[in-house]
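Per-entry structural report
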Amino acid sequence: MTFLPRIPGRRFLHSPGPTHVPDEVVHAMSRQPTDLADPRVAQLIAACEQGIKRLLRTDRAEVLFYAANGHGGWEAVIANLVGPGTQILVPGTGHFSDGWAEQVRAFGGVAVRTPYVEGHPIDAAAVEAVLRADTQHQISAVFVVHTDTASGTTSDLAAIRRAIDAARHPALYVVDVVASLAAAPFEMDALGVNVVMGASQKGLMVQPGLAFVAADARAMAAAERITTPRFYWDWQRRVSDLPYRKFCGTLPMAHLAGLEAALGLIEREGLANVHARHARLARAVHAAVQAWAEAGTLRVFTREAAARSVSVTAVEVSQGIDPEALRTVARERFQVAIAGGLGPLGGRVFRIGHLGDMNEAMILGALAGVQAALQVQGIAHGAGGVDAAIASLAGAAR
Ligand SMILES: *Cc1c(COP(=O)(O)O)cnc(C)c1O
């Protein structure tokens, strides 16, 4: 094993998940567990369910939690909605929609895809065309990744709702909000979304390990018709007032305590303010990358400005530049942890996460660390990236 020296001072975590965990959440997660019959347990669960419902803007969905990561949340959706031969439309968004589609196939489902065009969000017209062509209504659901964390691209959920409606197709609308919830606006009921899945470690500011699903009555009824063998993931089995049934065993108390604290922080700040803060910090990051881009060696990966995620920015580098080496220098010399490229973007991008418990100084620190790493690596970049971010923040309305 390599000897890793102690690092003085604070390290900057700018991966797009896991994200920085606020002290209030750290402390909440360090409490002793309680016995399962303690009425505080039921109270904790209710607080988390109600808080998630408020965050999703739904008053009709059932919220179910799993001791799992995001892939577990995906599996919860699939185990309940996908049987052998079930057709699911998974519009192309890049790496994360590919991963979800692969998991659908692992359960014997058929993943119908729309093409993914690099740097662009989901093409709602392509979604509409596939659904229109499905005159027998064989496709039972559309699985949409709201923000693809690998590309830093956010798709227009209202446009996809309109596409489903325009095709007069009864498919369920299922949305992965893992990377967008509590960062970008989302309204489950207003969008007519039937199922939402998410995870704790991104915008929700909790340690990794808690996933959730919110399902409405139509989705619950559809699940009853699917006979895929399932137990732990089974929605019907979990609809109960008994904590032990609701969680299919002992609940992950520390994670729920952390989530309760995090939801409290979000509500104290105000959801609209949380969204505005994410948009403001994202603009500052984009301003910095645009300034660096002037030397022609790197650029924001998402072409359409409106589709740039408020959670994470993928920065594409020219051939011959090694983003992994840049990452190592940023982390080991400047204490700024950024993310690398996933799947087909491996070796082509680095990613700066700006979601969750984030403020102006943290963003400026992260950008300064990345800029310093660009310099150390001798990567040509336009001057004044950090200054451009400062100008963006200083000029931003609050
Ligand atoms: C991170 C992420 C996942 C997967 O979450 P894990 O906890 O890593 O399994 C799924 N979807 C999106 C959009 C994500 O960003």
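Relevant structure appears above.
What you see is a predicted model; the values in this text were computed from it and never measured.

**What about the overall build of the protein?**
On a plain count of helices and strands, the protein comes out with 14 helices and 15 strands. Rg of the C-alpha trace for the protein: 21 Å, near the compact-globule value of 21 Å for 398 residues, within the 12% margin. In terms of principal-axis extent, the alpha carbons of the protein reach across some 60 × 55 × 50 Å. Residues classed as buried in the protein amount to 57% of the 398 residues present. Of the contacts formed within the protein by residues at least 6 apart in sequence, a portion of 72% connects residues at least 24 apart. For the protein, the distance from the average position of its 36 positive side-chain charges to the average position of its 36 negative side-chain charges is 1 Å.

**Details of the nonpolar core**
Judged by nonpolar contacts, the single largest core of 55 residues is most densely connected at Phe-65, Phe-186 and Leu-204. Counting 36 residues, the second-largest nonpolar core is a separate cluster that includes Ala-141, Val-174, Ala-199 and Ala-215.

**Overview of the environment of Ala-293**
Along the polypeptide, Ala-293 turns up in the loop between α11 (271-292) and β11 (298-300). Judged by its relative accessible area of 23%, Ala-293 falls in the partly exposed class. Separated by 87 residues in the primary sequence, Ala-293 and Ala-380 place their C-alpha atoms 9.0 Å from one another. Setting aside chain neighbours within four positions, we find Ala-293 in contact with Leu-298 and Arg-299.

Conventions used here
- Residues numbered from 1 in each chain as written.
- Predicted model: local features only at pLDDT ≥ 70, side-chain atom pairs only at ≥ 80, totals over all residues.
- Heavy atoms only, no water.
- Helix = DSSP H or I, 4+ residues; strand = E, 2+ residues; numbered from the N terminus.
- Rg over C-alpha atoms; globule rule 2.2 N^0.38 Å.
- Buried < 20%, exposed > 50% of the residue type's maximum accessible area, 1.4 Å probe, protein only.
- Contact = heavy atoms within 4.5 Å.
- Lys, Arg positive; Asp, Glu negative; His and termini not counted.
- Charge placed at Lys NZ, Arg CZ, Asp CG, Glu CD.
- Core = buried A, V, L, I, M, F, W, Y, C linked by side-chain atoms within 4.5 Å.

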